[in-house]
Amino acid sequence: MTADDRTDKDRQLDEARVDFHGTNLTTDQGIRVDDTDNSLRAGERGPTLMEDFHFREKITHFDHERIPERVVHARGAGAYGYFEPYDDSLAAFTTARFLTTPGVRTPVFTRFSTVAGSRGSADTVRDVRGFATKFYTPQGNFDLVGNNMPVFFIQDGVKFPDFVHAVKPEPHNEIPQASSAHDTLWDFVQLQPETTHMMMWLMSDRALPRSYRMMQGFGVHTFRLVDAEGRGTFVKFHWRPKLGIHSLVWDETQKIAGKDPDFNRRDLWEAIESGNFPEWELGVQLVPEEDEHAFDFDLLDATKIIPEEQVPVRPVGRLVLDRNPDNFFAETEQVAFHLGNVVPGIDFTNDPLLQARLFSYLDTQLIRLGGPNFPQIPVNRPVAEVRNHHRDGYHQMTIPRGQASYHPNSLGAGCPAVDGAGAYTHYQERVDGDKIRKRSASFADHYSQATLFWNSMAGWEKAHIVAAFRFELGKVDHTHVREGVVRNLNHVDHDLAVLVAEGVGVEPPAGPAVPNHGHASPALSQDHAPVESVATRKIAILAADGVDAAQVEGVQAALTVMGAICEVLAARDGAVRGEDGEQVPVTRAMSTVASVLYDAVVVPGGKASVQALCEDGDAVHFVSEAFKHGKAVGAMGAGVELLEDARVGSSAQPGVVIDAEGNLEDFTSAFAAAAAAHRHPARDTQRMPA
Ligand code: HDD
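All values derive from a computational prediction rather than experimental measurement. (Residues numbered from 1 in each chain as written. Predicted model: local features only at pLDDT ≥ 70, side-chain atom pairs only at ≥ 80, totals over all residues. Heavy atoms only, no water.)

A. Layout of the coordination of the iron atom of the ligand. If you check the protein contacts of the iron atom of the ligand, you find one donor only, Tyr 361 (OH), at 1.8 Å. With respect to the helices and strands, the residue Tyr 361 is situated in helix α10 (residues 352–368). (Donors = N, O, S within 2.8 Å, 3.2 Å for Na, K, Ca; no water. Helix = DSSP H or I, 4+ residues; strand = E, 2+ residues; numbered from the N terminus.)

The following block contains the structure:
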């Protein structure tokens, strides 16, 4: 980042940044410390003295280092960046200037998260991913606190504690960690059909993102844009990743959870450190107020999407993340998002899930961050001025001057003054009704969109969904819970219900509960979101002594130019000898990594190298496993022998690229295309043991 790229937020953060280079150790009071390895004692073998203020301060501070983790979304990773609108086309709908002033870069902090696991859980579990962005606009902070799935489990926030209790580890033994595959979640699900649509998303590969950089984000609720005249337009927010929407496969995620529990976090960090700044496009679906009732679902129901074929997503700007935080706790842990942080021109709707969230986020920050002054924590501070009569509380960081801390006042010249111009004005909506605990009949259809989702999936996506239901329900001990889920699924699609029932040993339903409506929304399938580039993909090149050095270098050079990250893996770190005795640098020892940490694998030629790899179980397994997980597998010259040993064979399977002649140019272009396709699910992997 150059000095010119620094945002207002970045400059503001300078005030809080502390650098320790060239400094001496002090206490919190700034007193220089002469020894931090030996406590002060009465005699060399005597007891520690209370007067050792350095010892007491050091231990006390340590004892108080932990704060409560987030009750949900505890595990996450974040980064700074900016948002930039493409043009002023939204000016007709909203007074939010950060959305409508082209060329203006609004600083942001984005945090991605898993929902159910605790802070130390693995990244690649089956779960929803949070996608929360704080925009530090000159009009104040706007937080878009979304997920990577466009719908939610429940319609009314009053049920959120029930849902979260059901999905979290079970209360008696705190098992399982970061997993939905257990009785309490599925018990809740079978009794609460409104979860069905979201469960289809959760059982799909959307719950297993390859990277935070390769997943969509959604504001989920219908919000409102408000123009200068106070007119409203309904809006749904969408984030679309520039690198395409890609997922891992289930077997892979489970292995990565052990091999590299920080997989997604590391991926985000490394991409930003290496200058591959992740980018998303912000899109909006706009619905005029008068069309509120034009749909066969309720816009206020967060278990429903507006199909993109009905209301297209209009691109409005881009989000770029270009700087990692300096300190995880200070920034990523202490960042506090709140759906209620809105700027003029953006307002809420009466979605009962949204309304509940408006209460919960501020409330939870009070316990998590220890009092009402958390907006003063550097990562949370707006770049807009904060002037009000809030006073005192734990950890007040500002020194409010003057006598008057009330409104109205004359002793402070009436300041801070209340002036309507440019102030946030709530959208005027006429509301009347009886006080009543009742849900609208327009929220009652829990299945049509679950069916829409199912119908929209490609064959391989359907197969993954069925396998996911079978896995999850297979972990459920109570038969009646399995049966209840199958009953619900029979309202989605009869074939789906039968396939799941057959896998989990319950009686398949005799016939469909309702006929499948047959509609689909192609935009929902990951098959229809191709972004075919190898940029930032990790390619493993397997080598041993005797490798064809020219091929290693050639493949590396060609793929690196395309933006891929190539790593040479060998039995030992350091270097291997090429066929002609030259040194070929090794990036990592194979024992420190695994195929699941790469997107594709190449086996270059060189007789001795390939023979050694064929004798090395790690190398054979590497290739079989990559193949099983649908990744591009390539071999040049003698490299094909390793493919044969790994049961990949030399036959034409999708995504397997073999160049027996060792023609570098032909090979790299075919291999790059295969790797860019991400996965090759059409492959026959039944026989593969990996
Ligand atoms: Fe929530 C955190 C997203 C429903 C209550 N939520 C939280 C985070 C995300 C979401 C991304 C993590 C923010 C961060 O990185 O710090 N939540 C959602 C979405 C929802 C949703 C997209 C539905 C559309 N949430 C929801 C409901 C409630 C909450 C219905 C309560 C009634 N959510 C919370 C919370 C959390 C939270 C307890 C925990 C930590 C935090 O807020 O700061 O207040």
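B. Molecular detail of the packing of aromatic side chains. Under the defined criterion, the tally for this structure stands at 27 aromatic pairs. Centroid distance Phe 83 to Trp 239: 6.3 Å. Interplanar angle 75 degrees. Geometry classified as edge-to-face. In this pair, Phe 83 is assigned in strand β1 (residues 76–85) and Trp 239 in strand β7 (residues 232–241), connecting sequence segments 156 residues apart. An aromatic cluster of at least three residues, connected via ring pairs, comprises Phe 83, Phe 98, Phe 112, Phe 131, Phe 135, Phe 142, Tyr 212, Phe 223, Phe 237, Trp 239 and Trp 280. The ring centre of Tyr 82 lies 4.0 Å from the NZ or CZ of Arg 105, which sits over that ring. The ring centre of Trp 250 lies 4.9 Å from the NZ or CZ of Arg 126, which sits over that ring. (Phe/Tyr/Trp six-rings, centres within 6.5 Å; stacked < 30°, edge-to-face > 60°. Lys NZ or Arg CZ within 6 Å of the ring centre and 35° of its normal.)

C. Structural detail: the pairing of strand β17 (residues 632–636). In terms of residue burial, β17 counts as a mostly covered element, since five of its five residues are buried. Burial along β17 is two-sided: the face carrying Ala 632, Gly 634 and Met 636 and the face carrying Val 633 and Ala 635 are both buried. Bridge count for strand β16 (residues 600–603) against β17 is four bridges, and the pairing is parallel. Following the sheet pairing, Val 601 is matched in β17 by Val 633. (Buried < 20%, exposed > 50% of the residue type's maximum accessible area, 1.4 Å probe, protein only. Pairing = 2+ DSSP bridges.)

D. Just the site of the ligand, in detail. The full set close to the ligand counts 23 residues, and Arg 70, Arg 111, Arg 357, Tyr 361 and Gln 365 are the nearest of them. Within the side chain of Arg 357, an N or O atom sits 3.3 Å from a nitrogen atom of the ligand. If you list the elements that add at least two residues to the shell around the ligand, you get β3 (129–137), β4 (140–147) and α10. Top contributing element to the shell around the ligand by residue count: α10, with seven residues. For the shell around the ligand, the residue count by class is 11 nonpolar, nine polar and three charged. (Near = heavy atom within 4 Å. Polar contact = N/O pair within 3.5 Å; in protein donor to acceptor, adjacent residues only side chain to side chain. Nonpolar A, V, L, I, M, F, W, Y, C, P; charged D, E, K, R; others polar.)

E. Highlighting the packing of helix α13 (residues 479–492) against helix α14 (residues 494–504). Their axes nearest at 6 Å, the elements α13 and α14 cross at an angle of 160 degrees. Classed by the angle they form, the pair α13 and α14 counts as roughly antiparallel. Residues Arg 482, Val 486, Leu 489, Asn 490 and Val 492 of α13 lie in contact with α14, whose contacting residues are His 494, Leu 496, Ala 497, Val 500, Ala 501 and Val 504. In terms of residue class, the contact of α13 with α14 is built from eight nonpolar, two polar and one charged. (Axes fitted to C-alpha atoms, helices over the stretch in contact; angles between N-to-C directions. Parallel < 35°, antiparallel > 145°, perpendicular 65-115°, else oblique. Contact = heavy atoms within 4.5 Å.)

F. Here's a closer look at the UniProt feature "domain: Catalase core" (unreviewed entry) in the protein chain. Under the local residue numbering, the UniProt record ascribes the feature "domain: Catalase core" (unreviewed entry) to residues 26–415. Span residues 26–415 is 22% helix and 19% strand, its end C-alpha atoms 41 Å apart. (UniProt positions renumbered as here; feature names shortened; annotations may be inferred.)

G. Layout of the sheet that holds strand β18 (residues 656–659). Read from one edge of the open sheet, six strands run β15-β12-β11-β16-β17-β18, paired in parallel fashion. Each edge of the sheet is formed by a strand with only one pairing partner; in this case those strands are β15 (588–589) and β18. The pairing of strand β11 (residues 538–542) with strand β12 (residues 565–570) spans five bridges and is classified as parallel. Its bridge partner being in β12, Leu 542 is matched across the sheet by Leu 569. Each of β11, β12, β16 and β17 touches helix α15 (residues 549–561); the most contacted strand, β12, lies at about 155 degrees to it. Most of the contacts of helix α19 (residues 664–676) go to β17, to which it runs at about 170 degrees, and overall it touches β11, β16, β17 and β18.

H. Spatial organisation of the side chain of Ser 121. Turning to its location among the elements, Ser 121 is positioned in the loop between β2 (106–114) and β3. A polar atom in the side chain of Ser 121 sits 2.6 Å from the backbone oxygen of Ser 118. With residues up to four places along the chain from it excluded, the contact list for Ser 121 reads Arg 75, Gln 177 and Ala 178.

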